[in-house]
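Listed below, chain by chain, are the residues.
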Amino acid sequence: MKFNPADKIQDLQYFGEFGGVNPSISDSSTYTFLSAKTMFDTFEGNADGCYLYSRHSTPSNLYLGEALAAMEGTETANVAASGMGAITPVLLQLVGVGEHIVSSRTIYGGTYAFLKNFTPRLGIDTSFVDITKLEVVEAAITEKTKVLYCESVSNPLLEVADIKGLSELAKKYNLKLVVDNTFSPLSISPAKLGADVVVHSLTKFINGSSDTVGGVVCGTQDFINNLRNVNDGASMLLGSTMDSLRASSILKNLRTLHIRMKQHSFNATFLANKFEADGLKTVYPGLKSHPSHELFKSMMNVEYGFGGMLTIDAGSLEKANELMELMQHKNLGYLAVSLGFYKTLFSAPGSSTSSEIPEEEQKEMGLSDGLIRFSIGLDNDIERTYAMMKTCMKEVGIL
Ligand code: PLP
């Protein structure tokens with residue numbers, strides 16, 4: 001039977017300690033042991049089912065982690081206090097001084113800044129490449145390379161990574177393929193396509209209510225144990241731990257992710273088609289004009305669609321700003337960074353979420369000043385939304 005990530009979440013059965021239909025929330029930072037020997041064993045990482053201290057793990061975090069591992073089809077997972085709190089320990093666990101990462105050049109600005117500005121201080125070098133060209137990726141690999149890093153659908157340009165092709169390269173050169181799947185939960189299952197580690201910012205579609213930041217690392221039991229190791233585990237030692245109350249609230253939101261993703265995708269497909277037909281430069285992986293449309297189709301879990309993210313080019317930053325301010329004024333969404341909310345969110349990445357990327361590099365990768373990134377909301381009547389957006393576009397003169 002074909003892997004279906006939402007069914008894997010549905011198939012989990014959790015009970016609270018008094019038979020509650022939701023697991024009880026663990027409201028403790030530390031845990032008692034019946035014997036001193038078990039405490040010692042737990043420190044050594046050998047006491048399954050025992051909890052030590054909440055920076056290491058908590059029952060609530062494990063419940064959420066197991067649900068996300070089921071969704072991604074990995075052995076297990078470790079949740080973190082933010083997406084960056086998931087991504088940074090993974091890279092620091094896998095790569096050390098004198099070693100090298102090959103990364104997509106179009107990635108979230110914070111991850112880019114970490115690789116470009118922060119990790120060189122630790123003796124880690126990164127080559128940024130056009131991830132859509134496997135021959136360019138291969139040419140950048142050196143004997144020092146340890147990791148290939150990409151986003152399944154990139155922020156903000158919506159480039160699509162050939163995860164199978166990249167995983168073959170990773171195997172050939174004995175590297176780990178780390179994929180950030182924040183933009184395409186359920187639609188793409190990177191581990192099923194050969195990724196070794198899958199990370200998410202839970203802040204976005206997965207939580208879906210823009211009320212918290214959160215992150216997760218999905219991988220093998222071995223790798224997650226390494227991250228949590230009390231002696232040299234980057235997650236344990238850097239301390240980016242999710243709070244149990246948050247883990248339990250994200251778990252509840254995760255259960256409606258499949259319904260939300262279908263609606264995000266439906267609405268984004270509708271708008272992308274309309275915008276393109278109106279003559280706007282529109283990028284959406286569901287459009288035939290997208291250079292990786294067929295690739296996305298070959299990787300996707302069809303029923304969840306092409307996702308909720310699209311971009312248009314308003315021609316200039318001034319026009320983009322004018323349009324976004326007007327759309328917010330008309331209550332068509334919010335001028336805000338982030339994604340995956342019930343309302344449409346829009347921002348100009350060149351001057352916001354990707355501003356860490358120097359202007360020249362932005363130009364080189366095709367990130368224009370007038371680019372507006374939309375996270376399309378759950379609007380009930382998307383035709384009505386479109387009609388109102390079109391009026392705004394006419395008013396600012398981009399249509
Ligand atoms: N990965 C992607 C693709 C993102 O868009 C973001 C945030 O915008 C992150 C990671 C970082 O996540 P967080 O803000 O939860 O730390």
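Residues numbered from 1 in each chain as written. Predicted model: local features only at pLDDT ≥ 70, side-chain atom pairs only at ≥ 80, totals over all residues. Heavy atoms only, no water.

## Section: a negative patch on the surface
Together, E318, E359, E360, E364 and D369 line one region of the surface with negative charge. In terms of residues, the negative patch owes the most to one element, helix α14 (residues 359-365), which gives 3 residues. Its location among the elements puts E360 in helix α14. (Patch = residues over 30% accessible without salt bridge, like charges linked within 9 Å, V, L, I, M, F, W, Y side chains within 5 Å. Areas by Shrake-Rupley, 256 points an atom, 1.4 Å probe, with all protein chains shown as cover. Salt bridge = Lys/Arg side-chain N within 4 Å of Asp/Glu carboxyl O. Lys, Arg positive; Asp, Glu negative; His and termini not counted. Charge placed at Lys NZ, Arg CZ, Asp CG, Glu CD. Helix = DSSP H or I, 4+ residues; strand = E, 2+ residues; numbered from the N terminus.)

## Section: the pattern of salt bridges
Following the criterion strictly, the structure yields 11 salt bridges and no others. For D130, the salt bridge is made with R105, and the minimal N-O distance between the two is 4.0 Å. Highlighted residues: D130 in the loop between β3 (125-129) and α6 (134-140) and R105 in the loop between β2 (100-104) and α5 (109-118), separated in sequence by 25 residues. Of the two residues, D130 and R105, both sit in the buried class. We note a salt bridge from E294 to K297, for which the minimum N-O separation is 3.8 Å. With a gap of 3 residues between them, E294 and K297 both fall in helix α12 (residues 293-299), about one helical turn apart. Using a relative accessible area of 53% as the deciding quantity, one classes E294 as exposed. When salt bridges with common partners are traced through the structure, they connect R105, D130 and K133 into a single cluster. (Buried < 20%, exposed > 50% of the residue type's maximum accessible area, 1.4 Å probe, protein only.)

## Some points on the nonpolar core
Within the largest apolar cluster, 82 residues are counted, with the highest numbers of intra-cluster contacts made by L64, L68, L148, L254, L310 and I312. Ignoring sequence-local partners within four residues, the contact set of L254 consists of I9, L64, A67, L68, M71, I206 and R260. Core analysis: the next-biggest nonpolar cluster, separate from the first, contains 28 residues, A86, Y112, L115 and I224 among them. (Core = buried A, V, L, I, M, F, W, Y, C linked by side-chain atoms within 4.5 Å. Contact = heavy atoms within 4.5 Å.)

## Digging into the domain arrangement of the protein chain
We note that the domain assignment places domain 1 (5-254) and domain 2 (257-396) within the protein chain. One C-alpha centre belongs to domain 1, the other to domain 2; they are set 27 Å apart. At the junction of the two partners, domain 1 supplies 38 residues and domain 2 supplies 40 residues. Summing both sides of the interface, domain 1 and domain 2 together bury roughly 3,200 Å²; the carbon and sulfur share of this comes to 65%. Looking at the side of domain 1 facing domain 2, the largest losses of area belong to L158, S187 and F205, adding up to 21% of the total buried there. The interface formed by domain 1 and domain 2 includes 1 salt bridge. Residues E361 and K116 are paired through a salt bridge, measuring 3.3 Å at the closest nitrogen-oxygen approach. Secondary structure elements with two or more residues in the side of domain 1 that touches domain 2: α1 (5-10), α5 and α10 (244-254). Sorting elements by how many residues they give to the side of domain 1 that touches domain 2 places α5 first, with 5 residues. For the side of domain 1 that touches domain 2, the class distribution of residues is 22 nonpolar, 12 polar and 4 charged. (Domains from an automatic or database assignment. Buried area = accessible area lost by both parts, 1.4 Å probe. Nonpolar A, V, L, I, M, F, W, Y, C, P; charged D, E, K, R; others polar.)

## Considering the layout of surface pockets
The calculated volume of the largest pocket comes to roughly 540 Å³. Taken together, 21 residues make up the lining of the largest pocket; nearest its centre are G45, D48, H56, N225 and R228. Taken together, the elements giving at least two residues each to the lining of the largest pocket come down to α2 (36-43), α3 (59-72) and α8 (221-228). If you tally residues by element for the lining of the largest pocket, the top one is α8, at 3 residues. Broken down by class, the residue content of the lining of the largest pocket amounts to 6 nonpolar, 11 polar and 4 charged. (1 Å grid on protein atoms, 1.4 Å probe; cavity = no way out; pocket = protein on both sides within 12 Å on 5 of 7 lines; lining within 4 Å. Points joined across faces, edges and corners; volume = space filled by probe spheres on them.)

## Describing the site of the ligand
Near the ligand you find 14 residues, and of these M84, D180, S201, T203 and K204 are the closest. One of the side-chain N or O atoms of N155 is found 2.9 Å from an oxygen atom in the ligand. About the coverage of the ligand: the protein hides 90% of its 390 Å² of free accessible area. With 3 residues, the single largest contributor to the shell around the ligand is helix α4 (residues 83-94). Residues belonging to the shell around the ligand are distributed by class as follows: 4 nonpolar, 7 polar and 3 charged. (Near = heavy atom within 4 Å. Polar contact = N/O pair within 3.5 Å; in protein donor to acceptor, adjacent residues only side chain to side chain.)

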